[in-house]
Amino acid sequence: MQAIHAIETPVIETQGLTKKFDKFVAVNKLNLSINEGEIFGLLGPNGAGKTTTLSMLATLLPPSGGSARVNGFDVSREASRVRKSIGFVFQDPSSDDLLTGRENLYLHSLMYGVDMRAAQKKIDAALELVDLTERQNERVKKYSGGMRRRLELARGLLHEPRILFLDEPTLGLDPQTREHLWKYIKRLSTEKKVTIIITTHYMEEADALCDRVAIIDRGKVVALDSPANLKKGLGGDVVYLSFRKPNKPNLAAVKKLRCVRNVKREGDRVTLSCDYAASQLQNILKAIGKVESVESRSPTLNDVFLHFTGKEIRDDDGDAEGGYHERMMHSGNR
Amino acid sequence: MSELSGLYALWLREVIVFSRERSRVVAALVQPLTWLVIFGTGLGSAVVLTGIETGVGSAVGGNAGITYQMFIFPGIMCMTVLYGCLFFGLYIIMDKRVDFLKEVLVAPLNRTTIFFGKVLGGATDSIIEVVILLALGAAFFGIHLTPATLALTLLLIFILMIAVVSLGLTIGSLMDSPEGFGLIGSFVIFPLFFLSGALFPVNNLPSWLYAFVRVNPVSYTVDGLRTLILGIGSFGLAVDFGVTAAFALVMVVIGTQAFARMKL
Ligand SMILES: Nc1ncnc2c1ncn2[C@@H]1O[C@H](COP(=O)(O)OP(=O)(O)OP(=O)(O)O)[C@@H](O)[C@H]1O
Ligand SMILES: [Mg+2]
């Protein structure tokens, strides 16, 4: 068994990884296998168990069941070796706000045993990357939320770990910085073969970055593949049709069309999937009757997410603020 | 090697923060000075201490030149340490509330190293406060020290600091709320201070009270400091150092265990 897989040994492998808080199962028998240099996305609604999973992989939480190996080391029995292999950017603020930005980075490199002659140069470069050079000697207390986030990112990269856990790294960042970071993350994985596990609620981010994504809901993996395959799996393009009373959609007729799948009706809106929608639109319209408007596009990761979790991600559909507040409250309650 | 630089990082963090928060030093000195000035003067005018053998064998309050203020000075030094060092453990609880502690715990350092970094950091803060207190003592309260007794004084009180910071970190690692820490902290400090002979001579106590004093490790630190600073003591300097060191050792062992088991 072992010998067969020896060529592509996964950098991270979990078997039946489980976390229970009292009776509540936060992570349920998770089996994941992540390869070297891969950018792996963990997607899921709030409370799905993403942070809990990362915390177990990073040895911060002991698993209640199952096992996990990170960089070949068991997270329960070889915790310190696991910690030597990883970097972690936490979801919640974790910089020391009584210290300056630079001091935060300096203490971090001391704690990770970064060679001191190289450290100052690396700190300069890291500050440059996240555009904090000018504010480096100010106390973090005076930073904006996004600046803190950027500092924490710089810190996670500073010791050049083999494996990097990024828990919602771009939450609250402006578009420039986000694009900047995407490029950098990509470079880390292609040039330095760093394995990156990222959680995010921005679907376009997962789409742009990840080689593979796992969608988890209530502690279980509900889908796992490359973004392209996941989108393909939905079956062709997505067509949105809307109606105005008294016109009614003729669903029975449209369902008979061979190219059409997944017909869903919500009030006066109908959503369906269809291969090559552009060439089939005429047939669909003929079958379904008089419509108010029609829109067709290729599926996004957002559609995939919606399909598997039954919920649309709030951050992505114009209600960003509500989603954010809910999430802040959620993290504050822990 | 990285454990050592990690230890240095944790210590450095405390020193930087301490040096920035000067008000903390002032706040830490207000309480002992109040005690010395008000309690020391007020009560000092009313009591005549008996049963204290000085180097020349005469009673305090008489010709030995030791005022009540001077008498309680070593005890007040210990009080500064008790409050400052124990409540250092409170920061752990604050750290737990944000992810800052996670950043330290996810570093490739032993929990023991993290523990010692914190202990050394806390003790460094405290030793600065004690040095200032000693300087004020020399300037205003008639405290005299030679280089040798100063060195031994700082050594002894440093050992006590290690014990008390460890105790504070132990409590902090077991608790989640600052309020709870405050409650337990006061509950712990109270007997350690009042049953230490910090405010009264221990020689002519009723036996039940004397028993409490003898089992309180802080009594020995107070006694040792009194021997070094004023030349009067009851238990013998070797015993004082021995018991204080044993106290520190026990607290460090308990503290490292508690730290290793700390949940987030
Ligand atoms: N220390 C804890 N004690 C009890 N329950 C917890 C604890 N930590 C997390 N949980 C619960 O476990 C579940 C998973 O939480 P987790 O933080 O992993 O979610 P998440 O996927 O990261 O969500 P989000 O997108 O909001 O960050 C949640 O229901 C949460 O309430
Ligand atoms: Mg999370």
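Residues numbered from 1 in each chain as written. Chains lettered and ligands numbered in written order. Predicted model: local features only at pLDDT ≥ 70, side-chain atom pairs only at ≥ 80, totals over all residues. Heavy atoms only, no water.

Visitor: For this particular structure, what's the right way to read the overall build of chain A?
Guide: Within chain A, the regular secondary structure consists of 13 helices and 14 strands. C-alpha atoms of chain A, sized along the principal axes, occupy 75 × 55 × 40 Å. Per-residue burial for chain A yields a buried fraction of 50% across its 334 residues. Considering only residue pairs separated by 6 or more positions, chain A has 68% of its internal contacts joining residues 24 or more positions apart. Here chain A displays about 16500 Å² of accessible surface, and carbon together with sulfur accounts for 49% of that area. Charge centroids of chain A, computed over 51 positive and 44 negative side chains, lie 5 Å from each other. (Helix = DSSP H or I, 4+ residues; strand = E, 2+ residues; numbered from the N terminus. Buried < 20%, exposed > 50% of the residue type's maximum accessible area, 1.4 Å probe, protein only. Contact = heavy atoms within 4.5 Å. Areas by Shrake-Rupley, 256 points an atom, 1.4 Å probe, with all protein chains shown as cover. Lys, Arg positive; Asp, Glu negative; His and termini not counted. Charge placed at Lys NZ, Arg CZ, Asp CG, Glu CD.)

Visitor: Whenever I open this one, the domain arrangement of chain A confuses me. Can you help?
Guide: The assigned domain composition of chain A is domain 1 (12–227) and domain 2 (236–298). Placing the centre of domain 1 of chain A and that of domain 2 of chain A at their C-alpha centroids yields a distance of 42 Å. (Domains from an automatic or database assignment.)

Visitor: I would appreciate a short explanation of the side chain of K96 of chain B in the present structure.
Guide: Residues and elements named next belong to chain B. Looking at the element boundaries, K96 is found in helix 4 (residues 90–97). Accessibility expressed as a relative area gives 18% for K96, which makes it buried. Of the polar contacts made by the side chain of K96, one reaches the backbone oxygen of G172; its length is 3.2 Å. Engagement of the side chain of K96 in a polar contact is seen with the backbone oxygen of S173, the distance being 3.2 Å. Residues in contact with K96, not counting those within four places in the same chain, are L101, G172, S173, L174, M175, D176, M262 and K263. (Polar contact = N/O pair within 3.5 Å; in protein donor to acceptor, adjacent residues only side chain to side chain.)

Visitor: Hey, could you run me through the interface of chain A and chain B in this one?
Guide: How large an interface is tends to be reported as the accessible area lost when its parts come together. Residue-level contacts link 27 residues of chain A with 23 residues of chain B. Ranking the residues of chain A by area buried against chain B places L60, R83 and M111 of chain A at the top, with a combined share of 26%. Here chain A and chain B share three salt bridges between them. Note that E103 of chain A is salt-bridged to R20 of chain B, the shortest N-O span being 2.6 Å. Across the contact surface, chain A and chain B share nine residue pairs in polar contact (both at pLDDT 80 or more). Of all the secondary-structure elements, those providing two or more residues to the side of chain A that touches chain B are helix 3 (79–85), strand 6 (86–89) and helix 4 (101–111) of chain A. When residues of the side of chain A that touches chain B are assigned to their parent elements, the largest contribution, six residues, is made by helix 4 of chain A. Among the residues making up the side of chain A that touches chain B, the classes are represented as 13 nonpolar, seven polar and seven charged. (Buried area = accessible area lost by both parts, 1.4 Å probe. Salt bridge = Lys/Arg side-chain N within 4 Å of Asp/Glu carboxyl O. Nonpolar A, V, L, I, M, F, W, Y, C, P; charged D, E, K, R; others polar.)

Visitor: Even after reading the chapter, I still don't get the coordination of the magnesium ion (ligand 2), so can you show me in this structure?
Guide: Each donor-metal-donor angle would ideally measure 109.5 degrees in four-coordinate tetrahedral geometry, or 90 or 180 degrees in six-coordinate octahedral geometry. Residues and elements named next belong to chain A. For the magnesium ion (ligand 2), every protein donor is listed as T51 (OG1) and Q91 (OE1), and the spread of their distances is 1.9 to 2.1 Å. Of the two residues, T51 is situated in helix 2 (residues 50–57) and Q91 in the loop between strand 6 and helix 4; the sequence distance between them amounts to 40 residues. Judged by its relative accessible area of 14%, Q91 is buried. (Donors = N, O, S within 2.8 Å, 3.2 Å for Na, K, Ca; no water.)

Visitor: Teacher, can you tell me more about the site of ligand 1 here?
Guide: Residues and elements named next belong to chain A. The local shell around ligand 1 holds 16 residues, among which G47, K50, T51, T52 and Q91 are the closest. Separating an oxygen atom of ligand 1 from a backbone N or O atom of G49 is a distance of 2.9 Å. Taking K50, its main chain carries an N or O atom lying 2.8 Å from an oxygen atom of ligand 1. Against a free-state accessible area of 630 Å², the protein chains account for coverage of 78% of ligand 1. Residue assignment for the shell around ligand 1 shows that the elements contributing at least two residues are strand 2 (24–34), helix 2 and helix 13 (320–332). Broken down by element, the shell around ligand 1 gets its largest block of residues, three residues, from helix 2. In terms of residue class, the shell around ligand 1 is made up of four nonpolar, eight polar and four charged. (Near = heavy atom within 4 Å.)

Visitor: Hey, could you run me through the nonpolar core in this one?
Guide: Within soluble globular proteins, side chains that are nonpolar tend to cluster in buried spots. One finds I12, F165 and I197 of chain A together with M77 of chain B to be the most contacted residues of the largest nonpolar core, which totals 113 residues. Per element, the largest residue contribution to this core is 13 residues, and it comes from helix 3 (residues 68–86) of chain B. Look past the residues within four positions of F165 of chain A in its chain and what remains in contact with it is I12, L54, L57, A58, I86, G87, F88, V89 and I197 of chain A. Core analysis: the next-biggest nonpolar cluster, separate from the first, contains 41 residues, I39, L43, A126 and L151 of chain A among them. (Core = buried A, V, L, I, M, F, W, Y, C linked by side-chain atoms within 4.5 Å.)

Visitor: Honestly, helix 8 (residues 178–194) of chain B in this entry has me stumped. Any pointers?
Guide: Residue pairs spaced three or four apart in an α-helix point in one direction, given the helix's 3.6 residues per turn. Residues and elements named next belong to chain B. Between the first and last C-alpha of helix 8 there are 24 Å, a value that for 17 residues agrees with the 24 Å anticipated at 1.5 Å per step. When we look at burial in helix 8, the residues that qualify are P178, G180, F181, G185, I189, L192 and F193. Projected down its long axis, helix 8 carries its buried residues within an arc of 165°, all on one side. Exposed and facing more than 90 degrees away from the buried side of helix 8 are E179, L183, F187 and F190. Looking at the buried residues of helix 8, the elements they touch are helix 2 (22–44), helix 3, helix 4, helix 7 (147–174) and helix 10 (217–230). (Expected span 1.5 Å × (residues − 1). Arc of directions from axis to C-beta.)

Visitor: Got a minute to help me understand the sheet that holds strand 9 (residues 212–217) of chain A in this structure?
Guide: Strand pairing in a sheet is mediated by backbone hydrogen bonds. Such pairs are either parallel or antiparallel. Residue and element names in this part refer to chain A. Sheet architecture is open: six strands sit in the order 6-7-8-3-9-10, paired in mixed fashion. Edge strands, defined here as strands with exactly one partner in the open sheet, are strand 6 and strand 10 (220–225). Taken over all neighbouring pairs, the strand axes of this sheet differ in orientation by 15° on average, direction set aside. Against the sheet, helix 2 makes contact with strand 3 (39–43), strand 6, strand 7 (163–167), strand 8 (195–199) and strand 9, and its axis sits at roughly 155° relative to strand 7, the strand it touches most. (Pairing = 2+ DSSP bridges. Axes fitted to C-alpha atoms, helices over the stretch in contact; angles between N-to-C directions.)

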